[in-house]
Amino acid sequence: MSFWIVGPPKEQTPMGDEVLVAISSDRDVVRARQTGRSMATQLGLSRSEATLLATAISEVARNIVEYVGEGQILLCTVNLNGMEGIKVVATDSGSGIENVATALQDGESSGGRLGLGLPGARRLMDEFHMVSKVGEGTTVTMTKWKGPGRG
Amino acid sequence: MPVPILKQGHYLVASIQDALSDGEVLELQENLLKQIGDFRARGIIVDVTAMDVIDSFASRSLRTVALTTRLRGAEMVIVGIQPDVASAMVQFGLLMDDINTALNLEEGLEFLDRWTAERTDADGG
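Residues numbered from 1 in each chain as written. Chains lettered and ligands numbered in written order. Predicted model: local features only at pLDDT ≥ 70, side-chain atom pairs only at ≥ 80, totals over all residues. Heavy atoms only, no water.

Let's talk about the environment of Ala74(B)
Residues and elements named next belong to chain B.
Line of reasoning, step 1. With respect to the element layout, Ala74 can be found in the loop between helix H2 (56-71) and strand S4 (75-79).
Line of reasoning, step 2. The exposure class of Ala74 is buried, given its relative accessible area of 2%.
Line of reasoning, step 3. Considered as a pair, Ala74 and Ile44 are 30 residues apart in the sequence and their alpha carbons are 7.7 Å apart.
Line of reasoning, step 4. Apart from the residues within four sequence positions on either side, Ala74 is in contact with Ile36, Ala41, Arg42, Gly43, Thr69 and Trp115. (Helix = DSSP H or I, 4+ residues; strand = E, 2+ residues; numbered from the N terminus. Buried < 20%, exposed > 50% of the residue type's maximum accessible area, 1.4 Å probe, protein only. Contact = heavy atoms within 4.5 Å.)

This is the structure in structure tokens:
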């Protein structure tokens, strides 16, 4: 089901604001999503857009804690063809996922408990791209754009 | 910070004050399930007005409390899901079809009063 994978990510110009959140506990999951929300609000995303972003961050951050133990989430403001948004890069050095397409299907999960997380996060974001190498780790890159008419 | 659980008549009211970590969500789940037995509560209200997100973990946990509460002969209602949180849940695909929800604390209490009254009627008749 290759349509689950959106990408590769388009060329986006970083706009300067960049925050790196180290992830190793459930408190960090909250910190990551709150940092993402405040960056989104600052950039002018609506409350709804910020909540979609925060929810998606919560899912990918939890996956890191649950399946790998530690990793990091880079949050940055980006610009593409005049559109502004928040890009999230969640990285871990875990054992990786053999079949990314399967991991992104509803109800699928290697741990058997979190089948909703990744496909759900994908539905909340405008861009979603996941790369995983067995033995090396996983990177999820996703972007939420500021909606039209929000200057 | 633990979520305070207040007793109001035959009901327990858990009023979430801030964003919750997964550990705090689990702690709330355990406390509610314990207290429903301790207090012989007929209903639980969980006020989620202050929750920043309701993601897959939080929604699964709330659902577990609601269904377990029902198995113990009481009923739970979630109140205060904010509009942006609600629409994120729908877009995510987090369904709570079998869970009671109400707009706010007042309507949650009214729901439980009606539910309790109907049950008492059924028992009496």
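Observations concerning the pattern of salt bridges
Line of reasoning, step 1. Going through the model one piece at a time under the given rule, you end up with twelve salt bridges over all chains.
Line of reasoning, step 2. Between Asp52(B) and Arg33(A) there is a salt bridge, with its nearest N and O atoms 2.8 Å apart. Of the two residues, Asp52(B) is situated in the loop between strand S3 (43-47) and H2 and Arg33(A) in helix H1 (residues 26-43); the pairing between them involves two chains. Residues Asp52(B) and Arg33(A) agree in their burial class; the two are buried.
Line of reasoning, step 3. Close ionic contact of Asp126(A) with Lys144(A) constitutes a salt bridge, the shortest N to O distance being 3.5 Å. With Asp126(A) in the loop between helix H4 (117-124) and strand S4 (127-133) and Lys144(A) in strand S5 (residues 137-145), the pair connects residues that are 18 residues apart, well separated along the chain.
Line of reasoning, step 4. On the accessibility criterion, Asp126(A) (39% relative accessible area) is partly exposed.
Line of reasoning, step 5. Judged by its relative accessible area of 6%, Lys144(A) is buried.
Line of reasoning, step 6. Salt bridges linked by common partners bring Glu59(A), Arg62(A), Asp22(B) and Asp55(B) together as one network. (Salt bridge = Lys/Arg side-chain N within 4 Å of Asp/Glu carboxyl O.)

Observations regarding the confidence of the model for chain B
Line of reasoning, step 1. The share of residues in chain B with pLDDT of 70 or more is 98%, and the mean pLDDT across the chain is 94.
Line of reasoning, step 2. The ipTM, which scores confidence in the relative placement of chains, is 0.93 for this predicted complex, and the corresponding pTM is 0.90. (pLDDT = per-residue confidence, 0-100.)

Points about the interface of chain A and chain B
Line of reasoning, step 1. Taken together, the contact pairs 23 residues of chain A with 22 residues of chain B.
Line of reasoning, step 2. Of all residues in chain A, Asp26(A), Arg33(A) and Arg62(A) give up the largest surface area on contact with chain B, accounting jointly for 23% of the area buried on that side.
Line of reasoning, step 3. Joining chain A to chain B, the criterion identifies five salt bridges.
Line of reasoning, step 4. Taking the shortest distance from any N to any O, the salt bridge between Arg62(A) and Asp22(B) comes out at 2.5 Å.
Line of reasoning, step 5. Summed over the shared surface of chain A and chain B, the number is 14 residue pairs in polar contact (both at pLDDT 80 or more).
Line of reasoning, step 6. Every element with two or more residues in the side of chain A that touches chain B is listed here: H1, helix H2 (47-68) and H4 of chain A.
Line of reasoning, step 7. Ranked by the residues each element gives to the side of chain A that touches chain B, the list is headed by H2(A), at nine residues.
Line of reasoning, step 8. Of the residues assigned to the side of chain A that touches chain B, the class counts are seven nonpolar, seven polar and nine charged. (Buried area = accessible area lost by both parts, 1.4 Å probe. Polar contact = N/O pair within 3.5 Å; in protein donor to acceptor, adjacent residues only side chain to side chain. Nonpolar A, V, L, I, M, F, W, Y, C, P; charged D, E, K, R; others polar.)

Considering the nonpolar core
Line of reasoning, step 1. Ile73(A), Met142(A) and Val46(B) are the most contacted members of the largest nonpolar core, which totals 64 residues.
Line of reasoning, step 2. Top element by residues in this core is H2(A). It accounts for eight residues.
Line of reasoning, step 3. Those residues in contact with Val46(B), other than ones at most four positions away along the chain, are Ala14(B), Ile16(B), Leu32(B), Leu62(B), Met76(B), Val77(B), Ile78(B) and Val79(B).
Line of reasoning, step 4. Judged by nonpolar contacts, the second largest core, of eight residues, contains Ile45(B), Ala102(B), Leu109(B) and Leu112(B). (Core = buried A, V, L, I, M, F, W, Y, C linked by side-chain atoms within 4.5 Å.)

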